[in-house]
Amino acid sequence: MGLFKTKEDMLKVLTRAASKQVYTRVLLPKSLRAFSAGPAPLKMDFSEKVNTNEIKLKNPTKLKKMNICQSITNALDIALATNPNTFVYGEDVKFGGVFRCTVGLNEKYGTDRVFNTPLSEQGIIGFSVGLVAAGGVAIPEIQFGDYIFPAFDQFVNEVAKYRYRTNGLFNTGGICCRVAYGAVGHGGHYHSQTPEAHFMHTAGLTMVIPRNPIQAKGLLLASIRSPDPVIFFEPKILYRMSEDMVPEEDYEIPLRKAEVIKEGKDVTLLGYGASVRQLQMAAKMAEEKGIACEIIDLRTILPYDFETIEKSVNKTGRLLITHEAPITSGAAAEIAAKTIEKCFLHMKAPVKRVCGYDTPFPFVYEPFYLPNRVKIFDGIQELMAYQLELLLNQWLSLIHISEPTRPLYISYAVFCLKKKKNT
Amino acid sequence: TTEIYTRSIVGSVRCVQETGFPIFRTMDLEGNVSDSKYEILDKPTLIKLFDIMVTERESDRIALNMHRQNRITFYFSHLYEEAVGPAIGAAIKDEDKIVLQYREQGILLWRGFSIQEILHTVKGSNKDHAKGKALACHYSIPKIGVLPLSAPIGSKIGHGAGLGYAFRTQKEDKIAVTFMGEGAASQGDFHAGLNFAATLGSQTLFVCRNNCYAISTPIEDQYAGDGVAPRCIGYGMPAIKVDGCDPLAIAYATKHARQMIMERKGPVFMEVYGYRGGDHSTSDSAPLYRTKEVLAKLKPYLDAIGDPIIRLGKYLEKKGYLANYKEQMDKVGKAAVAECHKYAKEMDETPYPEYKTMFEDVYSYTPQNLKEQIEQLDAHIKKYPEFYPLSDFKKKQSLFNLTCLLYTSPSPRDQRGSRMPSSA
């Protein structure tokens with residue numbers, strides 16, 4: 001019987017379904033769910049409108065509802081149509097891709113331009129370098145970010161250094177490598193990794209990560225036409241989850257610019273990809289406590305737009321960075337170090353990083369591992385409370401309490417205030 | 001729609017009879033063996049082989065149904081490739097180590113790994129040997145000599161070469177059986193692994209399961225040559241192509257390959273021709289790319305290789321070991337299904353291990369930064385317990401729990417200095 005406790009239950013449900021002739025969805029009890037999930041997402045509308053400051057559209061009314069998967073297919077379609085010397089390839093690309101991002105392209109443009117490659121990431125990127133040396137544009141696909149490592153040598157030693165070691169005589173600007181990355185709920189080590197930190201150390205590469213379909217299409221078209229090689233990471237959990245009214249025409253979003261999604265005066269939240277949703281939910285939770293958060297989507301991870309971050313942190317004085325990758329030497333570490341270097345005197349609290357832990361990505365423990373909205377909200381509160389300790393420190397110095405004993409007073413005061421707050 | 005491409009096709013489908021490199025087969029589709037010297041397995045082994053193949057097929061079917069019911073997250077099906085694992089398991093010795101790709105579960109069943117343990121591994125529950133840290137279906141079982149499995153394709157081929165080299169230099173009567181698919185044979189690791197094994201001399205048996213598909217990529221898009229075995233002429237190692245739905249041929253070839261490895265102290269390659277009957281995994285849908293036209297083109301090949309269980313069943317009937325192989329299939333199948341259901345229920349009710357387990361075994365000890373992160377997570381969950389699925393996970397041991405007093409004694413985990421588990 002499986003799902004039902006008693007035979008009567010089963011007969012009741014099935015006869016009801018048969019009598020009404022409708023499909024009865026049996027809600028599985030909690031114990032029979034396939035994998036555990038962390039905090040449930042808040043009921044929020046994540047869809048956005050086109051940012052007219054950035055994107056100048058010829059037909060602003062011609063919009064179509066698409067998810068990230070379809071907007072990427074649309075962008076590839078436009079790229080293949082506008083430039084006849086463009087190639088889209090990778091493992092299983094011909095039938096439409098394992099994530100259905102290249103559906104219909106082979107039928108439209110032929111197997112010389114949209115094709116399957118043999119199973120070798122090392123081969124795919126090495127092949128790309130040669131392909132673009134003849135003047136074309138290559139859009140290889142790496143099926144999962146976890147499998148990008150055989151191609152690491154080609155990326156770091158060839159793609160990144162081609163322009164530099166030839167003093168600009170040659171370049172690999174025609175390469176835009178699409179990679180499906182990020183946590184997906186039950187991915188474990190090899191279907192959930194976020195490898196951007198491994199590449200962040202390599203000058204010469206550009207890394208772009210979109211958060212929704214409008215951004216995905218514009219950023220992908222800009223990456224394909226960029227004169228520098230780009231690795232375009234697509235958060236696979238948002239392939240179908242993120243939907244928007246996307247313009248059907250050809251438009252580009254400028255690379256190397258971060259976007260301020262929400263204005264605020266108390267704390268700056270910085271993230272990219274799927275983490276932006278968590279930031280938006282945490283900001284909503286913080287709003288109920290009276291904290292106004294400013295959210296920045298980094299979009300281009302390398303080279304990152306520090307000007308926008310600096311402007312925001314000088315205004316708010318507090319920075320929280322989040323990403324799914326492990327905390328040690330992740331993207332947040334680099335941005336935090338630079339922020340402290342440039343904005344130290346404006347800061348009211350140290351930079352808070354809410355990231356994954358320093359372990360390989362676990363399988364069943366994903367709800368505990370990922371930085372979710374609750375952890376981010378906790379981080380925001382920690383940042384806001386930090387001011388209290390500074391003020392107490394100043395007050396204690398005014399009444400001439402000696403330095404070594406100050407921490408005792410401060411911790412006791414914070415403890416009493418927290419206790420009072422909780423009761 | 002007409003396909004627009006300018007690449008020439010070098011043979012659309014590799015049929016069993018039409019390849020340049022001959023394919024070794026001992027038994028035809030009706031179970032008639034061509035020569036009695038190929039009958040090296042005795043009656044109990046053959047019956048066990050048949051039972052395990054039927055068990056594998058039925059448990060696969062139940063596991064796929066469980067995935068549809070949202071009880072497990074991920075599973076690989078082995079339809080029509082059931083013969084490869086058990087037949088090789090029958091021909092090698094118990095001390096030989098196995099390096100898997102991911103579609104060889106039959107060899108685990110042959111060596112005594114039960115369906116209960118398989119289900120727990122697929123879920124990642126508290127009874128899983130990897131304590132829920134490894135992705136579903138990623139077996140790593142020292143007690144039956146199986147090295148850790150991982151999803152990146154081809155990365156284990158080099159491991160097999162290294163293991164075989166260790167066995168040769170330590171003068172052990174063991175080989176390392178390394179599995180791969182024909183897609184893995186396109187990876188760079190394939191070249192590295194085989195070249196190392198042949199040049200340095202490893203006691204490794206490389207087994208390539210050529211099942212015509214690598215997710216959606218057919219063999220026309222994978223290589224232009226005559227399969228994978230002819231490449232070994234370049235590496236300098238003996239190679240053979242075997243019919244993958246003929247368990248007797250696989251067992252005979254493996255036995256002689258093992259003898260050859262021990263005599264020449266070098267590797268041997270075996271390419272096993274089969275067909276991936278099901279989807280690549282539960283995240284794939286084969287009818288999207290295996291349309292009616294494609295299946296019509298493949299029909300001669302599929303008719304030539306047939307179904308391994310039926311072929312072996314007919315052979316056993318002819319030999320008189322079984323009265324009626326269909327009855328045996330029913331009987332063993334029902335027993336397997338009952339066992340699956342029983343352990344599936346247990347699997348559903350077993351919680352995951354406690355969440356602290358995710359921080360263990362990153363290193364051989366717990367570094368300071370991980371200790372801080374454990375404290376952070378503990379404090380966070382204490383503050384916001386309603387957001388986390390704590391009921392799905394095992395509770396933290398309390399000090400008053402008697403079993404915990406044994407648990408808090410210095411565990412061998414922290415004192416373990418050797419790199420391999422002691423029973424390997």
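Here goes a summary of the coordinates provided. (Residues numbered from 1 in each chain as written. Chains lettered and ligands numbered in written order. Predicted model: local features only at pLDDT ≥ 70, side-chain atom pairs only at ≥ 80, totals over all residues. Heavy atoms only, no water.)

**Overview of the overall build of chain A**
Consideration 1: Along chain A, the regular secondary structure elements total 15 helices and 14 strands.
Consideration 2: Dimensions of chain A, computed from C-alpha atoms along their principal axes, come out at roughly 80 × 80 × 45 Å.
Consideration 3: For chain A, buried positions account for 56% of its 423 residues.
Consideration 4: Sequence-distant contacts, at least 24 apart, represent 81% of the contacts inside chain A between residues at least 6 apart.
Consideration 5: As presented, chain A carries roughly 19,200 Å² of accessible surface, and 57% of it is formed by carbon and sulfur atoms.
Consideration 6: The averaged location of the 43 negative side-chain charges in chain A is 7 Å from the averaged location of its 51 positive side-chain charges. (Helix = DSSP H or I, 4+ residues; strand = E, 2+ residues; numbered from the N terminus. Buried < 20%, exposed > 50% of the residue type's maximum accessible area, 1.4 Å probe, protein only. Contact = heavy atoms within 4.5 Å. Areas by Shrake-Rupley, 256 points an atom, 1.4 Å probe, with all protein chains shown as cover. Lys, Arg positive; Asp, Glu negative; His and termini not counted. Charge placed at Lys NZ, Arg CZ, Asp CG, Glu CD.)

**A look at the sheet that holds strand E9 (residues 259–262) of chain A**
Residue and element names in this part refer to chain A.
Consideration 1: If you trace the five strands from one edge of the open sheet to the other, you get E9-E11-E10-E13-E14, paired in mixed fashion. In this open sheet, the two edge strands, each paired with only one partner strand, are E9 and strand E14 (352–356). Across the sheet, the mean angle from the axis of one strand to that of its neighbour is 25 degrees, orientation sign disregarded.
Consideration 2: Bridge count for strand E10 (residues 267–271) against strand E11 (residues 293–297) is five bridges, and the pairing is parallel. Paired with Thr268 across the strands is Glu294, a residue of E11.
Consideration 3: On the sheet, helix H10 (residues 275–288) packs against E9, E10, E11 and strand E13 (319–326) and is oriented at approximately 175 degrees with respect to E11. (Pairing = 2+ DSSP bridges. Axes fitted to C-alpha atoms, helices over the stretch in contact; angles between N-to-C directions.)

**What about the pairing of strand E5 (residues 176–181) of chain A?**
All names here are of chain A.
Consideration 1: Taking burial as the measure, the six residues of E5 include six buried ones, the bulk of the element.
Consideration 2: Side chains Cys176, Arg178 and Ala180 of E5 all project onto a buried face; the interleaved residues Cys177, Val179 and Tyr181 project onto the opposite face, where all are buried too.
Consideration 3: Sheet analysis places strand E4 (residues 137–142) next to E5, joined by two bridges and oriented parallel. Following the sheet pairing, Ile142 is matched in E5 by Val179.
Consideration 4: Sheet topology places E5 next to strand E7 (residues 230–235); six bridges connect them, and they run parallel.

**Quick notes on the nonpolar core**
Consideration 1: Counting 147 residues, the largest nonpolar core has Ile380 of chain A together with Ile88 and Phe269 of chain B as its most contacted members.
Consideration 2: Here this core takes 10 residues from helix H1 (residues 43–68) of chain B, the largest share from any one element.
Consideration 3: With near-sequence residues (within four places) excluded, Ile380 of chain A lies in contact with Val267, Leu269, Ala282, Ala286, Ile291, Cys293 and Leu320 of chain A.
Consideration 4: Of all hydrophobic cores here, the second largest spans 48 residues; its members include Phe233, Leu319, Ala331 and Cys343 of chain A. (Core = buried A, V, L, I, M, F, W, Y, C linked by side-chain atoms within 4.5 Å.)

**So, the pairing of E7 of chain A**
Residues and elements named next belong to chain A.
Consideration 1: For E7, the tally of buried residues reaches six of six residues, placing the bulk of the element in the interior.
Consideration 2: Every second residue of E7 is oriented toward a common face, with Val230, Phe232 and Glu234 on one face and Ile231, Phe233 and Pro235 on the other, all of them buried.
Consideration 3: Sheet topology note: the strand E6 (residues 206–208)/E7 ladder contains three bridges and is parallel. What sits directly across from Met207, in E7, is Ile231.
Consideration 4: Following the backbone out of E6, through helix H8 (residues 213–224) and into the adjacent parallel E7, one traces a crossover that is right-handed. (Right-handed = clockwise from strand over helix to strand, strands pointing away.)

**A look at the interface of chain A and chain B**
Consideration 1: Tallying the contact residues gives 55 residues for chain A and 63 residues for chain B.
Consideration 2: Of the roughly 5,000 Å² buried between chain A and chain B, counting both surfaces, carbon and sulfur atoms make up 60%.
Consideration 3: Sorting the residues of chain A by area buried against chain B places Leu119, Tyr365 and Phe368 of chain A first, and these three jointly supply 16% of that buried surface.
Consideration 4: Applying the counting rule to chain A against chain B returns one salt bridge.
Consideration 5: Ionic pairing is found between Asp378 of chain A and Lys383 of chain B, a salt bridge with its closest N-O pair at 2.8 Å.
Consideration 6: Looking at the side of chain A that touches chain B, the elements with two or more residues in it are helix H4 (121–133), helix H13 (366–369) and helix H14 (373–398) of chain A.
Consideration 7: No other element matches H14 of chain A, which puts six residues into the side of chain A that touches chain B. (Buried area = accessible area lost by both parts, 1.4 Å probe. Salt bridge = Lys/Arg side-chain N within 4 Å of Asp/Glu carboxyl O.)

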